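Summary of structural features
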Amino acid sequence: MRLRSGVLAAGCLLLQAMGVAIFLRGFFPMAVRARPRGGPPGDGPAEPAPPGSGAVSNWSAMPPPLFRKVVLVLIDALREDFVFGPKGKQFMPYATQVIEKGTSYSFVAEAKPPTVTMPRIKALMTGSIPGFIDVVVNLNSPALLDDNLIWQAKTAGKRIIFYGDDTWVKLFPKHFVEYDGTTSFFVSDFTEVDDNVTRHLDRVLKREDWDLLILHYLGLDHIGHVTGPNSPLVGPKLREMDNILKKIHISLLSKEGEASLPSLLVVCGDHGMSETGSHGGSSEGEVHTPLLFISSAFEKRSGPLTQPELVQQTDLASTLAVGLGLPISRNSVGTLILPVVGGKTMREQLRFLHLNGFQLSRLLEENTPAYEKDPGYEQFKIAEKSHGNWIKLYLEGNNSEILMNLGKKVLKQYLEALKTLSASLSKQVAQYDMYSMMVGTVIVMEVLLLLLLSVPKALSSRAEFEVPLSPSLFSLLFYLMCLVLCAVHVIVCTSAESLCYFCSMSWLTALGVMMLISALMCGILSAIGKILENSRLPVKNPVVSSSSWSEVDVLMLAGTIGHVLSLGASSFIEEEHQTWYFLINTLCLALCQELCRNHFLLKECDPQHGISLKQNFDGIGETSDCKNIDVPASGNSKLDKVASSAEFIKGSDKWISLASPWIILICCRLLRSLNQTGVQWAHRPDFGHWLTSSEHKSELSFLAAVSLVMIFFLVQRRCSLVSKIAMALGLLGVYSYRAAIGNVVFPWQHDSKDISKGITEARFVYVFVLGIVFTGTKDLLKSQVISADSSVKSTGLWEVYSGLVLLAALLFRPHNLPVLVFCLLIQTMMTKYIWRPLKCDAAQITIMHYWFGQAFFYFQGNSNGIATVDVSAGFVGLESYVEIPAIFLTAFATYAGPLLWAIHLLCYLSSEVSRVSYLKTIFLESIK
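Residues numbered from 1 in each chain as written. Predicted model: local features only at pLDDT ≥ 70, side-chain atom pairs only at ≥ 80, totals over all residues. Heavy atoms only, no water.

**Focus: the overall build of the protein**
Assigned secondary structure in the protein consists of 36 helices and ten strands. Per-residue burial over the protein gives 49% buried out of 928 residues. Counted over contacts in the protein with a minimum sequence separation of 6, partners at least 24 positions apart contribute 77%. Carbon and sulfur atoms make up 62% of the accessible area of the protein, which totals about 43,600 Å². (Helix = DSSP H or I, 4+ residues; strand = E, 2+ residues; numbered from the N terminus. Buried < 20%, exposed > 50% of the residue type's maximum accessible area, 1.4 Å probe, protein only. Contact = heavy atoms within 4.5 Å. Areas by Shrake-Rupley, 256 points an atom, 1.4 Å probe, with all protein chains shown as cover.)

Structure (structure tokens):
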């Protein structure tokens, strides 16, 4: 069966998407889940029965609440050192005083990645560990259906009031008796987003018609996204939060004299922030947050201040449930923070720990087939038995030291059991569905290999492929492979302890996937056989047909395959930028060698094997060992121009060509120093940090101005006059926008007091971006509909590219503008001094664009962690959060490097087709 290249590519794309979908389904582990919630919560388990026939405990009901009112203050992106470090002592004096000398307990809560807001709220309220798939729905959070603290409180008749991030309103609809949500994605807002929360405080603190008050402040997180954790704006924001905590604490204390139970103030962060101000990864600054419990029920601190104990963020759900007298959420993997209930009697403490252990053991039973062999489950049963013995002594009225010592022993046993149970359940979140991942990987690799085998034929625009479908489907090998794969599927699905996703499919669907894998493998083997068969055939024209792989070809093939194989190790994924830096540096050295060979070592082809210029034009896309083209002497001036264009570059251009790889190497080394990325060395200072510090604003301003001027000269060379003017005005608007928001200053500007959001300046630039892109789109449509002129199409593509360069200049932070300059400079040098002199084919140029595009993704300061995503780029020129533009702008700013290189590839290939068509037309006219 014969297929056109487009049909084959579309089919391969669909199969790749299916393989990736199966792989991702196995890669994202399923969360630990208990049975669905339903009906009002029960009283929970009774105390362990004392030993002896017919003995029962007299305490089977749920323990009463420990606190009358609970106020939860969640400060978004509150890092540990913002409270316990030097900044806390300087900017949060009241909180520091309460921590050191007040009635409080302080901890460091460890959050599990992904450290973004919505999964962290889930962890705080359910006690479960959300997966990375929750990052996808973070922008539009659906209602939370799992058992959680908010639902338990509402079901128990608690009155809940919420002010702050509207993610809570989306997660818990109709749960609050009063709420006021503010959008969390408009990161340019530092003050109003918090003022909208604080304005309710005076009124609500005077009221008595609530039991749980939740406040979620976003200003600190927004400051981190835009200016980083070392910004001078962080200090005033921390002082503002400290004053709010003081107001709440004093108000709660003033009302405790008339109440039987004390109140509780909880201060925490959902996540921290990295050294660049972002979050989402697993660095210490992102996962460690402060956790404060403040209540008059606690003993006043005395003695020297100790280092806060490390707890898990999921422990808060269990602790608050006990404090409010509620059942612990069924899906919680957290453990009770014992010091919070340490002032209660021994029986009450043991009762709380037993409730927590019973809930964890039930969750383990529902998620682990061999739960009875789990060490934590065995430890819990031992502690439960010891607890029963303690109850027997207690009910007998034994008040001796034996009862106290046994109680401490049981307490210790429970704590060890809870810790082990929690660890066992938490590990299940990181267990991958390896079988589904392997099936998806096999499909992806088979399709990739089939595409690689088809690359030589794919360079022709009218390429057709002979798909060996019939021989594959009816061959003995196909049926044997199907039988083997089905046998493997049966063995895996019947012997697995836990059911994987691929095994949960119907047998008919699984059989179809097995047949697809077998057919692809047979097709690959058939294609390889044909290649080997064709290699044995006699060659009609050795000059045209013979081909040898150069060092550059071998490097690009080995580098691409090596990079794919390196993704099998997590450490290579974390530091993937190192792989791309090495590959492009090695490529530059190989290109340098190839240029030296062409300029100094390559001899002219033998005349008897020469190829005429007409044959060369008619056989575009065919490879040849002969690089020079013999052209008969002619007096025609046009023909002379064609002949001269086919010669190697001479004079000064020759030496520029030889120096180009070394200049590119220097540019890449400078870019590596601009932004540290990855995981292991991301914390190290770089040139970007130096530029963005407030002391070096003048240097940053000079660099940004020079970069914008260079961008104009590099990108305007093929634009129309109108587009050139629009580009110049747009780049001026970019600098004006950065000056308006205080990143840079004009020479006549002595201070940056008049800081605004830059809405007008950014929209001024957007007008020119749209104008340039519209002009290019008009030329593209003209080349397709009105006239089939390849030069018009090439011009249109370049103007679209220019408009996107202007958009990237607007969205990039000022210290990243040199990345854009070097991107344009390297593209210009490679086009004029490397690709054309070496006569690189389309496949080589495509791979080089892909390599440099990936490298520039990391030159921007990006990594494979979501912590490096610059969310602030999505709000340039927006007065409020608008979902679609914000997502588009954030995605474009993040992937600007690969996108610009991909569009430049289209521009280059289109311009080459236009250039060759022009030369061919001149040649044909000259020989008439």
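**What to know about the environment of aspartate 189**
Within the secondary structure, aspartate 189 sits in the loop between strand E5 (178-182) and helix H8 (192-198). In sequence terms aspartate 189 and serine 880 are 691 residues apart; their C-alpha atoms lie 9.1 Å from each other.

**With respect to the packing of aromatic side chains**
Taken as a whole and judged by the stated rule, the model has 26 aromatic pairs. Seen in terms of ring centroids, phenylalanine 172 and phenylalanine 176 are 6.5 Å apart; in terms of plane orientation they differ by 80°. Their pairing is edge-to-face. A ring pair is formed by tryptophan 390 and tyrosine 394, whose centres lie 5.2 Å apart and whose planes are at 15°; its orientation type is stacked. Here tryptophan 390 and its partner tyrosine 394 are both found in helix H15 (residues 375-395), four residues apart, which amounts to about one turn of the helix. The class of tyrosine 394 is partly exposed, set by a relative accessible area of 34%. Three or more aromatic residues joined by ring pairs make a cluster, and in this case those are Tyr581, Phe852, Phe856, Phe859 and Trp901. (Phe/Tyr/Trp six-rings, centres within 6.5 Å; stacked < 30°, edge-to-face > 60°.)

**Structural notes on the packing of helix H14 (residues 346-367) against H15**
Helix packing for two helices is described by the angle between their axes and how far apart those axes are. At their nearest, the axes of H14 and H15 sit 11 Å apart, and the two run at 150° to each other. With respect to H15, the element H14 is oriented roughly antiparallel. H14 and H15 meet at a crossing whose hand is left-handed. Contact residues: H14 offers Met346, Arg347, Leu350, Arg351, His354, Gly357, Phe358, Ser361, Leu364 and Glu365, while H15 offers Tyr377, Phe380, Glu384, His387, Trp390 and Tyr394. (Axes fitted to C-alpha atoms, helices over the stretch in contact; angles between N-to-C directions. Parallel < 35°, antiparallel > 145°, perpendicular 65-115°, else oblique. Left-handed = near helix turned anticlockwise from the far one by under 90°.)

**Some thoughts on the sheet that holds strand E8 (residues 288-294)**
Taken in spatial order, the eight strands of this open sheet run E5-E4-E6-E2-E7-E8-E3-E9, and their pairing is mixed. The open sheet is flanked by E5 and strand E9 (309-312), the only strands paired with a single partner. Averaged over neighbouring strand pairs, the angle between their axes works out to 20° when direction is ignored. Across five bridges, the pairing between strand E2 (residues 70-75) and strand E7 (residues 264-268) is parallel. In the sheet register, leucine 74 faces E7, and the bridge partner there is cysteine 268. (Pairing = 2+ DSSP bridges.)

**Overview of the side chain of aspartate 147**
Examined against the element boundaries, aspartate 147 turns out to sit in the loop between helix H5 (117-126) and helix H6 (149-155). Assessed through its relative accessible area of 3%, aspartate 147 is described here as buried. In terms of polar contacts, aspartate 147 uses its side chain to reach the side chain of glutamine 152, at 3.1 Å. (Polar contact = N/O pair within 3.5 Å; in protein donor to acceptor, adjacent residues only side chain to side chain.)

**Here's the deal with the pattern of salt bridges**
Summed over the entire model, instances satisfying the criterion amount to 18 salt bridges. Across the pair aspartate 147 and arginine 330 runs a salt bridge whose closest N-O atoms are separated by 3.8 Å. Here aspartate 147 is found in the loop between H5 and H6, whereas its partner arginine 330 is found in the loop between helix H13 (315-323) and H14, with 183 residues between them in sequence. A salt bridge links arginine 203 to glutamate 178; its shortest N-O distance comes to 3.3 Å. With a gap of 25 residues between them, arginine 203 in helix H9 (residues 201-206) and glutamate 178 in strand E5 connect regions that are remote in the sequence. (Salt bridge = Lys/Arg side-chain N within 4 Å of Asp/Glu carboxyl O.)

**A word on helix H30 (residues 721-740)**
Taking 1.5 Å per residue, 20 residues should reach 28 Å; H30 reaches 29 Å between its end C-alpha atoms and fits that length. Positive phi shows up at glycine 742, right after H30, with a value of about 90°. (Expected span 1.5 Å × (residues − 1).)

**Structural notes on a nonpolar patch on the surface**
A cluster of nonpolar residues, Val20, Leu24, Phe27, Tyr432 and Met434, forms a patch on the protein surface that exposes about 440 Å² of accessible area. It is helix H1 (residues 5-27) that provides the largest number of residues to the nonpolar patch, a total of three residues. On the secondary structure map, valine 20 appears in helix H1. (Patch = residues over 30% accessible without salt bridge, like charges linked within 9 Å, V, L, I, M, F, W, Y side chains within 5 Å.)

**Comments concerning H13**
Of all nine residues that make up H13, nine are buried, and the element is covered over most of its length. Taken together, the buried positions of H13 are occupied by Asp315, Leu316, Ala317, Ser318, Thr319, Leu320, Ala321, Val322 and Gly323. At the exit of H13 stands glycine 325, carrying a positive phi of roughly 70°.

**A word on the environment of alanine 9**
Topologically, alanine 9 is positioned in helix H1. Exposure remark for alanine 9: the relative accessible area of 42% places this residue in the partly exposed category. The sequence separation of alanine 9 and leucine 451 amounts to 442 residues, and the corresponding C-alpha distance is 8.1 Å.

**Focus on the pairing of strand E4 (residues 160-165)**
Within E4, six of the six residues are buried, leaving the element largely enclosed by the surrounding structure. Two strands pair when backbone bridges link them, and E4 and strand E6 (residues 212-217) are joined in this way by five bridges, in the parallel orientation. Across the sheet, the residue bridging to isoleucine 160 is leucine 212, located in E6.

**Here we look at the state of the cysteines**
Across all of its chains, the model carries zero disulfides by this definition. With no disulfide of its own, cysteine 522 lies closest to cysteine 482 among cysteine sulfurs, the gap being 7.8 Å. We note that cysteine 719 lacks a disulfide partner, and the nearest cysteine sulfur, in cysteine 907, lies 9.8 Å from it. Taking relative accessible area as the criterion, cysteine 719 reaches 10% and is therefore assigned buried. (Disulfide = S-S within 2.5 Å.)

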